[in-house]
Amino acid sequence: MLAIPEGMALTYGDVAELTGWGAPRAVGAVMSQHGHELPWWRVVRADGSLPEGLTPRAMLHWADEGHPLVLGTSRLDLGRCRWDGPQELAGPGRA
């Protein structure tokens, strides 16, 4: 997750696929326990949102890094900022 560039994002499912950590919920559980040292605001739900309690802090990071939001929402526009991941980890369907 440290490799996710500023202004880019992955979903919990993307991280699970790239790392082999299992299901997206497993990634969320790991992040809730150990994510404070990582750029956690760059890993979001499939709809571009975060759990409600994290959104206000994430919005500051997103603004600072230039993440695009879905107009009128507090969700990332994944169509514009979803990262494909490092090429050496890219699996089928990820280029």
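Here, every reference points to the structure presented above.
One structure accompanies this document, and this report is about it. Just so we're clear, the structure is a prediction, and the values are computed from it rather than from any experiment. (Residues numbered from 1 in each chain as written. Predicted model: local features only at pLDDT ≥ 70, side-chain atom pairs only at ≥ 80, totals over all residues. Heavy atoms only, no water.)

Restricting attention to buried positions, one finds in helix 3 (residues 55-65) the residues Thr55, Ala58, Trp62 and Glu65. Looking down the long axis of helix 3, one finds its buried residues gathered within 85° of arc, a one-sided arrangement. Opposite the buried face of helix 3, at more than 90 degrees from it, the exposed residues are Pro56, Leu60, Ala63 and Asp64. If you follow the buried residues of helix 3, they end up packed against strand 2 (43-44). (Buried < 20%, exposed > 50% of the residue type's maximum accessible area, 1.4 Å probe, protein only. Helix = DSSP H or I, 4+ residues; strand = E, 2+ residues; numbered from the N terminus. Arc of directions from axis to C-beta. Contact = heavy atoms within 4.5 Å.)

Moving on, we get to the environment of Leu10. Mapped onto the elements of the fold, Leu10 is located in strand 1 (residues 10-11). Note on Leu10: relative accessible area 3%, which makes it buried. Residues Leu10 and Asp84 lie 74 residues apart in sequence; the distance between their C-alpha atoms is 8.1 Å.

Worth remembering: the numbers are spatial, not functional.
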